Amino acid sequence: MSAGLEHIRRHMADFLNSRGVRAVTAWPMTPRREPEGPVAVVSLRGCRAGPASFQNYLGDRYNEETGRWEEQYGRKAEITFGLDLYAPEKGDGEAVQAAFDALAGALLLGGPEGLELQSFSCGQTVRDGESRRLKRPVEAVCTAWLCAVSDAGGAFVDFELRGVRKV
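Source: prediction; values computed, not measured.

**Q** How would you sum up the overall build of the protein chain? Please name residues and give values.
**A** For the protein chain, the helix and strand inventory stands at two helices and nine strands. Within the protein chain, counting contacts between residues at least 6 apart in sequence, those at least 24 apart form 61% of the total.

**Q** Explain the nonpolar core to me, and be specific about the residues and the numbers.
**A** By size, the foremost hydrophobic cluster in this structure holds 29 residues, and its most contacted members are Met 12, Leu 16, Phe 81 and Leu 83. Counting only elements with at least two residues in this core, the list comes to α1 (8-18), β2 (39-51), β4 (68-88), α2 (94-108) and β8 (138-150). Ranked by size, the runner-up nonpolar core spans five residues in total, among them Val 24, Val 39, Val 41 and Tyr 86.

**Q** Account for α2, naming residues and giving values.
**A** Taking 1.5 Å per residue as the helical rise, α2 with its 15 residues ought to reach 21 Å, and the 21 Å between its terminal C-alpha atoms agrees with that figure. Looking at the residues trailing α2, positive phi occurs at Gly 110, about 140°.

**Q** Summarise the pattern of salt bridges; cite the residues concerned and give the values.
**A** Scanning all chains against the criterion turns up four salt bridges. Among the salt bridges present, the one from Asp 14 reaches Arg 10, with a minimum N-O distance of 2.8 Å. Placement of both Asp 14 and Arg 10 in helix α1 is noted, with a separation of four residues, approximately one turn of the helix. A relative accessible area of 41% places Asp 14 in the partly exposed class. The salt bridge involving Arg 48 is made with Glu 78; its shortest N-O contact spans 3.9 Å. Highlighted residues: Arg 48 in strand β2 and Glu 78 in strand β4, separated in sequence by 30 residues. Connected through salt bridges with shared partners, the residues Arg 45, Asp 84 and Glu 139 form a single ionic network.

**Q** Got a sec to walk through α1? Specific residues and values, please.
**A** Taken residue by residue, α1 has Ile 8, Met 12, Ala 13, Phe 15 and Leu 16 as its buried positions. Looking straight down α1, one finds that the buried residues subtend no more than 160° of arc, so they occupy a single side. Positioned one or two residues after α1, Gly 20 has a phi angle of 85°, which is positive.

**Q** Give a description of the packing of aromatic side chains that names residues and reports values.
**A** Aromatic rings in a pair are described by how distant their centres are and how their planes are angled relative to each other. This model, assessed by the stated rule, comprises two aromatic pairs. When the centroid spacing of 5.6 Å and the interplanar angle of 10° are considered together, the rings of Phe 100 and Phe 120 count as stacked. Note that Phe 100 is positioned in helix α2 and Phe 120 in strand β5 (residues 116-122), a separation of 20 residues in sequence. Sitting over the ring of Phe 100, Arg 136 keeps its end group 5.0 Å from the ring centre.

**Q** Lay out the environment of Phe 120 with the relevant residues and their values.
**A** The spacing of Phe 120 and Val 141 is 21 residues in sequence and 6.4 Å in space, taken between C-alpha atoms. Those residues in contact with Phe 120, other than ones at most four positions away along the chain, are Phe 100, Leu 103, Ala 104, Leu 107, Val 138, Glu 139 and Ala 140.

**Q** Outline the side chain of Ser 43, supporting the account with residue identities and numerical values.
**A** With respect to the element layout, Ser 43 can be found in strand β2. Not counting residues within four places of it along the chain, the set of residues in contact with Ser 43 comprises Arg 9, Ala 26, Trp 27, Thr 80, Phe 81 and Gly 82.

**Q** Mind laying out the environment of Cys 47, listing which residues take part and the relevant values?
**A** Relative to the helices and strands, Cys 47 resides in strand β2. Distance from Cys 47 to Glu 78, taken between C-alpha atoms, is 5.6 Å for residues 31 residues apart in sequence.

**Q** Lay out the environment of Asp 92 with the relevant residues and their values.
**A** Its place among the elements puts Asp 92 in the loop between β4 and α2. Residue Asp 92 is classed as exposed on the basis of its relative accessible area, which comes to 70%. The spacing of Asp 92 and Thr 125 is 33 residues in sequence and 9.9 Å in space, taken between C-alpha atoms.

**Q** Describe the packing of α1 against α2, listing the residues and the values that go with them.
**A** Angle between the axes and distance between the axes are the two parameters that describe a pair of packed helices. Contact geometry for α1 and α2: axes closest at 10 Å, N-to-C directions at 110°. Our classification of the angle between α1 and α2 gives roughly perpendicular. Contacts between α1 and α2 involve Met 12, Phe 15 and Leu 16 from the first element and Leu 103, Ala 106 and Leu 107 from the second. Looking at side-chain class alone, the contact of α1 with α2 contains six nonpolar, no polar and no charged residues.

Calculation criteria
- Residues numbered from 1 in each chain as written.
- Predicted model: local features only at pLDDT ≥ 70, side-chain atom pairs only at ≥ 80, totals over all residues.
- Heavy atoms only, no water.
- Helix = DSSP H or I, 4+ residues; strand = E, 2+ residues; numbered from the N terminus.
- Contact = heavy atoms within 4.5 Å.
- Core = buried A, V, L, I, M, F, W, Y, C linked by side-chain atoms within 4.5 Å.
- Buried < 20%, exposed > 50% of the residue type's maximum accessible area, 1.4 Å probe, protein only.
- Expected span 1.5 Å × (residues − 1).
- Salt bridge = Lys/Arg side-chain N within 4 Å of Asp/Glu carboxyl O.
- Arc of directions from axis to C-beta.
- Phe/Tyr/Trp six-rings, centres within 6.5 Å; stacked < 30°, edge-to-face > 60°.
- Lys NZ or Arg CZ within 6 Å of the ring centre and 35° of its normal.
- Axes fitted to C-alpha atoms, helices over the stretch in contact; angles between N-to-C directions.
- Parallel < 35°, antiparallel > 145°, perpendicular 65-115°, else oblique.
- Nonpolar A, V, L, I, M, F, W, Y, C, P; charged D, E, K, R; others polar.

Structure follows, in structure tokens:
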């Protein structure tokens, strides 16, 4: 059964790319070219999920496509993303700083749909001898709802990331 986290790294990377921050997911299935400029590498560093209600039941909804009522279940989750920035070793780190500024702007001015930013932090830019690149560790903690929908027979038919309701 799905836990709803399979595509969350890609969701974050797509959001960053749409905001002008070059981003890729960590540990791709296929080899990729070495990037020329700075890039954010999106990984999932942690996930803490807790109950949202009695037995995770969130209520029911009417599905207009099927014409049936569906029950919704879910958990509130705290998701920790690694958004480490890498850039070519040449230069004094100005490219890493510019990439961090763009990354911070993208996250602090709204963030990806379905994810509410709770905290954002970074470390110092260092030379990473293993990759022979400059590296700045970045971490973002977001809150989200992981929601499942079940049909009349009780089988889960859909699992998706839902946003935290903004007041």
